[in-house]
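An overview of the molecular structure
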Amino acid sequence: MESFEYWVPTRILFGKGAESKTAAEIQRLGARRVLIVSGGASARRSGLLDRIEEQLRQAGIVFETFEGTKPNPRLDHAREGVRRAIALGAELILAVGGGSVIDTAKGIAHGAANPNTDIWEFWTGRAPLEKSLPVGVVLTISAAGSETSDSSVLTDEASSQKRGLSSPLNRPVFAVMDPLLTLTLPVWQVKCGVVDIMMHTMDRYFNPIQDNQLTDAIAEALLRTVIRCGRAAVADPTDYAAMSELMWAGSLSHNGLTGLGGVKDFAPHQLGHELSARFDVSHGASLSTVWGSWADFCLPRDPARFARFGREVWGIREPDDGVAARAAIDATVHYFEEIGMPTCFSALGIGLQDEKQLAVMARAVTFDGSRKIGSFVVLGEEEILEIYRRCNH
Ligand code: NZQ
Ligand code: ZN
């Protein structure tokens, strides 16, 4: 096991009706001026946003609501939010929505606390992030895990770059997690969430550290649960029991727990981000599209790891590692297909890409040759290009 530090300071308010505790939680933290951040329409349409606003009003909290965050949230929108937060004198940013809204709220919090620095400087690493405002969350979709994660992902449309920023300052101070709020989700978003939750653990599970027994067992239990409840939730997105399990799994899968003592890989995420940046596809769909090709490419380097994954997660009984490993990858890809997720470029709806475009994409993943990705198998431009070729059907 590798050394690690683990700090997840987010107070979690989980369960039916938890949304009613939002204003009290803000008061407990001593914040009196709040910028509420929300998405396109769903939270307003469901009545949630009106209820949260009313709670804050009743509690005497001064607030303004900043709506309009889009999926794959844009840098310029977050910059606009920074201006609003500064003008309001916000002491806390409250995200009411999913990963896109939460990541925008995190960006706004960083910008408002550092008014002399353009926030993209933090995402590109040109400026160190040393302070921020507190972010609270009312979660409406189980997927990204941003409600407890230490990361935030924004897209700069000008440069077509989708980038993540990891920092302890990205951990929200509280997260209201009421599974009832997810029962209005379109089934497509449920499917995307299932894939994303699985992938946050799989992108940690496939890593070079092999003697990590407890962490591996936690990861495997989480995956088995998400696979089972994912099936149930896709069949019936109003299945409260299944949606509750997914909500809790979404946080645990990306708050670090399922990879402690290992070395994060996250290559499939980097391959997927390039697809979202270029074609604006859903994050979960980008991941199901690349995972099988990534796994095929990596299989020869460590069949035993894929074999263990197959036996512990998929119940494969095959004693030969090579055969079990192949069966594990096939089972995962078939599961994505069974729940209606794409596993190649044509199913993703972006069409076949010519060789020149694939090369441009591979180059972009390396940030113009300045980095490699992954830890399980370290991937440079050539290897990334080969994986994209395998998705190109
Ligand atoms: O905008 P509205 O109208 O609210 O609709 C949203 C959006 O269209 C809808 N939705 C959310 N809750 C709903 C609902 N519709 C009906 N009922 C509800 N209760 O769902 C759509 C997707 O929302 P979004 O916030 O984009 O989903 P998700 O949570 O999957 O977030 C995806 C974003 O998070 C990033 C992704 O890259 C992507 O940009 N990620 C963030 C991470 C992090 N910060 O730790 C880690 C992840 O790996 C991921 O990269
Ligand atoms: Zn993800």
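Use the structure listed above.
Report follows, based on the coordinates. (Residues numbered from 1 in each chain as written. Chains lettered and ligands numbered in written order. Predicted model: local features only at pLDDT ≥ 70, side-chain atom pairs only at ≥ 80, totals over all residues. Heavy atoms only, no water.)

Points about the site of ligand 1
What surrounds ligand 1 is a group of 33 residues, the closest being S42, S100, S149, K162 and H200. Between an oxygen atom of ligand 1 and a main-chain N or O atom of G99, the distance comes to 2.7 Å. In this structure, an oxygen atom belonging to ligand 1 sits 2.8 Å away from a side-chain N or O atom of S151. Out of a free accessible area of 960 Å², ligand 1 has 89% covered by protein chains. Breaking the shell around ligand 1 down by element, the ones donating at least two residues are α5 (99–113), β6 (151–156), α7 (187–205) and α10 (267–279). In terms of residue class, the shell around ligand 1 is made up of 10 nonpolar, 20 polar and 3 charged. (Near = heavy atom within 4 Å. Polar contact = N/O pair within 3.5 Å; in protein donor to acceptor, adjacent residues only side chain to side chain. Areas by Shrake-Rupley, 256 points an atom, 1.4 Å probe, with all protein chains shown as cover. Helix = DSSP H or I, 4+ residues; strand = E, 2+ residues; numbered from the N terminus. Nonpolar A, V, L, I, M, F, W, Y, C, P; charged D, E, K, R; others polar.)

With respect to the pairing of strand β5 (residues 135–139)
Burial analysis of β5 places 5 of its 5 residues in the buried class, the great majority of the element. Both faces of β5 are covered, namely the face carrying V135, V137 and L139 and the face carrying G136 and V138. Here strand β4 (residues 92–97) runs beside β5; their pairing, made up of 5 bridges, is parallel. Each bridged residue has a counterpart across the sheet, and for V96 the counterpart in β5 is V138. Pairing of β5 with strand β8 (residues 174–177) involves 4 bridges; the strand directions are parallel. Within β8, the residue paired with V138 across the bridge is V176. (Buried < 20%, exposed > 50% of the residue type's maximum accessible area, 1.4 Å probe, protein only. Pairing = 2+ DSSP bridges.)

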